Amino acid sequence: MRITGAKVIVCCPSRNFVTLKIETESGVYGLGDATLNGRELAVVAFLEEHCIPALIGRDARNIEDIWHYFYRGVYWRRGPVNMAALSAIDVALWDIKGKVLNTPVYNLLGGRSRERALVYAHATGDTLESALGSVARAVENGYRAIRVQAAVPGSADAYGVEKGKGPYEPAKRGLAHEESWDTPAYLRFLPQLFARVRKEFGPSVHLLHDVHHRCTPIEAARLAKELEPYHLWWLEDPVAGELQEGLRLIRRHSTTPIAIGEVFNTIYDYTTLLTEQLIDFVRMPPAHGGGITHLLKVAALASVYHIKTGFHGATDISPVGAAAALHVDHAINNFGIQEHMPHQPLVGTVFDVGYRFDSGDMYLDERPGLGVDIDEVEAEKYPYQPASLPVARLRDGTLWHW
Ligand code: EZ4
Ligand code: CO
């Protein structure tokens, strides 16, 4: 079954998405998510100029071989742009295989390990009190797991917190805006925040927090230790993950579970973290981590070390990428949790999805393949809008991790 064509669809129904559509001689097509937040057009160019010409004529059935062709064959391996493109190719091929065999993708991954996938919501507030209100709304909406972020008193900015009205969106239109960051104030505030959340909402709700790489290893160790009484489900990205050894320091001091890897793109970013059991959850999603083919290998290695998954699922993962994550979530044994940040309603006019939220879980229907389709006519109504993620500076102006 030859690949006869492929195209990249870029659209911005409330935010940018890059979608790869691979067509075959049988008439069946598959979709892959190639969205790389703030760097969308780099992936578009890479796909159009370098990948699509090499895809045409290949047998769409041979997913593993095509994966290795693009991984090994580029010479310049790894990297987010390269791997986002390869992820989209891989996911689109799984979509095709499912449609051709008339079965959902999870069936091709060993079948269901569960009926539903536990998801976590985002709660944010520009004050502690408004964060508590946001947690209350998430509980009312049925979520049993909630990520809590709040602005630090005295600081103008806080990652993951919406300042204006309207839903939180990490990327803002135009070039990156600069935020300020005060680590000592943050470290003082966080235990107070979680003490209040636990007091108000009791012991059974699962609580999560995203540090967003903004601590040094010893700062993160202190934070993880001081949050222990509040029994977090996880503390995410406590340090910049490229320093894998930094996680040893956190482990030495704390039993707070650690999640890492939303910015990773291969299994090699994880080897020390997994084999030394320095983390508890892998975050790299199919949309950025080499697609379903590679993620299955990461999940398998993680499972050897009793480490679970908790894939990135912010709004910059398109409905296609979200579906790919959910098929893996339903199939593998060591699924932990799935991030769920609902897309704006406008996204639903472009993408038709076969997954749904109910009472804190996501469910997949029985559509073949990924179960997602794109309306290309609707997509054209929303052209690309440049947008960027923020950068952070410490109070004295030093450029910091974000
Ligand atoms: O910063 O999706 O856990 N979720 C996050 C997100 C990410 C954005 C980056 O594109 O950290 O808000
Ligand atoms: Co994160």
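A brief structural summary. What you see is a predicted model; the values in this text were computed from it and never measured.

## Looking at helix α10 (residues 291-304)
And step 1. In this model, α10 (14 residues) spans 21 Å end to end at C-alpha, consistent with the 20 Å of a helix rising 1.5 Å per residue.
And step 2. For α10, the full list of buried residues reads G291, I292, T293, H294, L295, V298, A299 and A302.
And step 3. H306 sits one or two positions beyond α10 and adopts a positive phi of about 60°.

## Looking at the site of ligand 1
And step 1. Around ligand 1, the surrounding shell holds 14 residues, and the nearest of these are Y159, H212, E262, R283 and D316.
And step 2. For ligand 1, an oxygen atom lies 2.9 Å from a polar atom in the side chain of D210.
And step 3. At 3.3 Å, a side-chain N or O of E339 approaches a nitrogen atom of ligand 1.
And step 4. When ligand 1 sits alone it has 320 Å² of accessible area, and the protein chains cover 97% of it.
And step 5. The class makeup of the residues in the shell around ligand 1 is 4 nonpolar, 3 polar and 7 charged.

## What to know about the sheet that holds strand β20 (residues 399-400)
And step 1. The mixed open sheet is built from 3 strands, whose spatial order is β7-β19-β20. Each of the sheet's edge strands pairs with one partner strand only, and the pair in question is β7 (178-181) and β20.
And step 2. Sheet analysis places strand β19 (residues 391-394) next to β20, joined by 2 bridges and oriented antiparallel. In the strand pairing of β20, A392 is matched with W400.

## Quick look at the nonpolar core
And step 1. One finds I22, I89, L193 and Y270 to be the most contacted residues of the largest nonpolar core, which totals 126 residues.
And step 2. What I22 contacts, discounting residues up to four positions off in sequence, is I3, G5, A6, V28, Y29, G30, L55, I89, A92, L93 and I96.
And step 3. Judged by nonpolar contacts, the second largest core, of 7 residues, contains Y159, Y168, A314 and M341.

## Considering the packing of helix α2 (residues 63-72) against helix α3 (residues 80-100)
Geometry of a packed helix pair, given as the angle between the helix axes and the separation of the axes.
And step 1. Two elements in contact, α2 and α3, have axes whose closest approach is 10 Å; the angle formed by their N-to-C orientations is 170°. Classed by the angle they form, the pair α2 and α3 counts as roughly antiparallel. Along the contact surface, α2 presents I63, I66, W67, F70 and Y71, while α3 presents M83, L86, I89, D90, L93, W94 and K97.
And step 2. Residue composition of the contact of α2 with α3, by class: 10 nonpolar, no polar and 2 charged.

## A word on the packing of helix α1 (residues 40-55) against α3
And step 1. Across the interface, α1 lies against α3 with an axial gap of 9 Å and an inter-helix angle of 55°. Here α1 is positioned oblique relative to α3, judged by the angle of their axes. Regarding α1 and α3, the two cross each other, and that crossing is right-handed. Between α1 and α3, the contacting residues are A42, V43, F46, L47, C51 and L55 on the first element and V81, N82, A84, A85 and I89 on the second.

## Quick look at the packing of aromatic side chains
And step 1. According to the stated counting rule, one finds 10 aromatic pairs in the structure shown.
And step 2. With 4.8 Å between their ring centres and 15° between their planes, W67 and Y71 make a pair best called stacked. With a gap of 4 residues between them, W67 and Y71 both fall in helix α2, about one helical turn apart. Comparing W67 with Y71, the two get one shared label, buried.
And step 3. Geometrically, the ring pair formed by Y69 and F70 is edge-to-face, given 5.1 Å between the ring centres and 85° between the ring planes.

## Focus on unusual backbone geometry
And step 1. Located in the positive-phi region is H231, a residue other than glycine, with phi close to 50°.
And step 2. Along the chain, H231 turns up in the loop between α7 (217-226) and β9 (234-236).
And step 3. Judged by its relative accessible area of 62%, H231 falls in the exposed class.
And step 4. Phi at Q277 takes a positive value of approximately 50°, unusual for a residue other than glycine.
And step 5. Checked against the element boundaries, Q277 lands in the loop between α9 (271-275) and β11 (281-282).
And step 6. Using a relative accessible area of 42% as the deciding quantity, one classes Q277 as partly exposed.

Conventions we followed
- Residues numbered from 1 in each chain as written.
- Chains lettered and ligands numbered in written order.
- Predicted model: local features only at pLDDT ≥ 70, side-chain atom pairs only at ≥ 80, totals over all residues.
- Heavy atoms only, no water.
- Helix = DSSP H or I, 4+ residues; strand = E, 2+ residues; numbered from the N terminus.
- Expected span 1.5 Å × (residues − 1).
- Buried < 20%, exposed > 50% of the residue type's maximum accessible area, 1.4 Å probe, protein only.
- Near = heavy atom within 4 Å.
- Polar contact = N/O pair within 3.5 Å; in protein donor to acceptor, adjacent residues only side chain to side chain.
- Areas by Shrake-Rupley, 256 points an atom, 1.4 Å probe, with all protein chains shown as cover.
- Nonpolar A, V, L, I, M, F, W, Y, C, P; charged D, E, K, R; others polar.
- Pairing = 2+ DSSP bridges.
- Core = buried A, V, L, I, M, F, W, Y, C linked by side-chain atoms within 4.5 Å.
- Contact = heavy atoms within 4.5 Å.
- Axes fitted to C-alpha atoms, helices over the stretch in contact; angles between N-to-C directions.
- Parallel < 35°, antiparallel > 145°, perpendicular 65-115°, else oblique.
- Left-handed = near helix turned anticlockwise from the far one by under 90°.
- Phe/Tyr/Trp six-rings, centres within 6.5 Å; stacked < 30°, edge-to-face > 60°.

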